Amino acid sequence: MLPTASLSRKTTLLLTASLLVFSLVACGSSTPMAPASPTSSTLGSAAADSLLRQVKTQIREATDKGSLDSLKQARAWAKQATGGDRAALAHYYAALADYRMSNRLPEEDEARRERVIEDAIGHLKRATEINGTMADAWALLSGCYGQMMGMNPMQGMSLGPKANEAMKRAKEHGPNNPRVWLIDGTSDFYTPGMFGGDKEKALTKFEKAARLAEQGSPDDLLMPSWGHAEAHAWVGVAHMEAERYDPARTAFETALDLNPDYGWVEKVLLPKLEEKQS
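Moving on, we get to the overall build of the chain. Counting its regular elements, the chain contains twelve helices and zero strands. Every one of the 278 residues in the chain was classed for burial, and the buried ones make up 54%.

Below you can see the structure in the form of structure tokens.
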């Protein structure tokens, strides 16, 4: 839910949410050695599970550190698994890596960011074709359409309905999925008021996402489970935007308690809060 781009830039650009418009701090990271795996066409269940376990871990760590190289590697590994028994999940993780990457790329490199989001949309469409009840894939697809609108506002008339339909499907299939409410909340946060955006409504959704995330993790450990710390981070962002600095600090500290390596909170949000309070 990440680039070094500031919140103010995103507020200006985005008409609807990006999944998490996650702001990461850039820091160096070497590309890890790829795990040994067969080609996607020969992946069996055990091999696909092993590879996707590595992918899930890699995306989480790369997101915390702001490592573009590690996100690229995670995407490459996920694509290797798209021909296996976990194809829908592999397409989802390839898209999630793309989504994080698009926010990590420099703002001025819009053409590259657009290509990355187009790749993510392609993977998510395939994921929902394979598994039409995958709420996480529908929610992320909605977020990716939102990012694309942020880069191409003139496409809002065509992309807006697609984003809304994808979120509708996400809520139908995952009404208690915290990532669905997190992405939906960012939509309310970044959409201008004249188009239905509402930051206080967004706060309510972020708080709901945090409560749902606290209730437990999925039975299948390979399934998406991110969002708990990020939901609290967004609660803090919403409070900070409204100049409610004490609850903002509490939310940021809660996020760091849940994820001590969370670079966006530690290196971006807390310093921004300190600046506002000075």
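Counting through the fold element by element, Ser 50 comes out in helix 2 (residues 45-65). The exposure class of Ser 50 is partly exposed, given its relative accessible area of 42%. In this structure the C-alpha to C-alpha distance between Ser 50 and Leu 222, which are 172 residues apart in sequence, comes to 9.3 Å.

Right, let's talk about the environment of Asn 259 for a bit. Checked against the element boundaries, Asn 259 lands in the loop between helix 11 (245-258) and helix 12 (263-277). Taking the C-alpha atoms as reference points, Asn 259 and Glu 230, separated by 29 residues in sequence, lie 9.1 Å from one another. For Asn 259, the residues in contact, after removing those within four places along its chain, are Asp 64 and Ala 229.

Let us now look at unusual backbone geometry. Look at Glu 243: it is not a glycine, yet its phi comes out positive at around 65°. Residue position: Glu 243 is located in the loop between helix 10 (228-241) and helix 11.

This brings us to helix 3 (residues 68-80). Taking 1.5 Å per residue as the helical rise, helix 3 with its 13 residues ought to reach 18 Å, and the 19 Å between its terminal C-alpha atoms agrees with that figure. Buried residues in helix 3 make contact with helix 2, helix 4 (87-104) and helix 5 (110-130).

With 16 residues, helix 9 (residues 199-214) should reach 22 Å at 1.5 Å per residue; the first-to-last C-alpha distance of 23 Å fits that figure. Where helix 9 is buried, its residues meet helix 7 (156-173), helix 8 (178-190) and helix 10. If you check the start of helix 9, you find a side-chain oxygen 3.0 Å away from the backbone N of Glu 200, and it comes from Asp 198. With its phi angle positive at about 145°, Gly 216 sits one or two positions after the end of helix 9.

The interhelical angle for the contact between helix 8 and helix 10, taken along N-to-C directions, is 20°, at an axis separation of 11 Å. As summarised for this structure, helix 8 and helix 10 are arranged roughly parallel, according to the angle between their axes. For the crossing formed where helix 8 meets helix 10, the hand is left-handed. Residues Leu 182, Thr 186, Phe 189 and Tyr 190 of helix 8 pack against Glu 230, Ala 231, Trp 234, Val 237, Ala 238 and Glu 241 of helix 10. Considered class by class, the residues forming the contact of helix 8 with helix 10 number seven nonpolar, one polar and two charged.

What counts, and at which threshold
- For every chain, the first residue of its written sequence is number 1, and the numbers climb from 1 along that sequence.
- Totals for whole chains, interfaces and linings use every residue, but because this is a predicted model, local features are given only for residues with pLDDT of at least 70 and side-chain atom pairs only at 80 or more, for both listing and counting.
- By convention in this description, side-chain values take in all heavy atoms of the structure and omit both hydrogens and water.
- Per the convention used, a helix needs a DSSP run of H or I reaching at least four residues, while a strand needs a run of E reaching at least two, with both numbered from the N terminus.
- For the exposure calls, accessible area comes from a 1.4 Å probe over protein chains only, and a residue counts as buried if that area is under 20% of its type's maximum, exposed if over 50%, partly exposed in between.
- Contacts were defined at the residue level, with two residues in contact if any of their heavy atoms lie within 4.5 Å.
- Take the residue count of a helix, subtract one, and multiply by 1.5 Å to get its expected span.
- Counted as a polar contact is a pair of N or O atoms within 3.5 Å, where, for protein atoms, one must be capable of donating a hydrogen and the other of accepting one, and residues adjacent in sequence contribute only when both atoms are in side chains.
- Geometry is summarised by axes, namely lines fitted to C-alpha atoms with helices restricted to the contacting stretch, and by angles between N-to-C directions that run from 0 to 180 degrees.
- Convention used here: angles under 35 degrees read as roughly parallel, angles over 145 as roughly antiparallel, angles from 65 to 115 as roughly perpendicular, and any remaining angle as oblique.
- Handedness of a crossing follows from how the near helix is turned relative to the far one, being left-handed for an anticlockwise turn of less than a right angle and right-handed for a clockwise one.
- Note that Gly is not counted as nonpolar here; it falls among the polar residues with everything else outside the nonpolar set of Ala, Val, Leu, Ile, Met, Phe, Trp, Tyr, Cys and Pro and the charged set of Asp, Glu, Lys and Arg.

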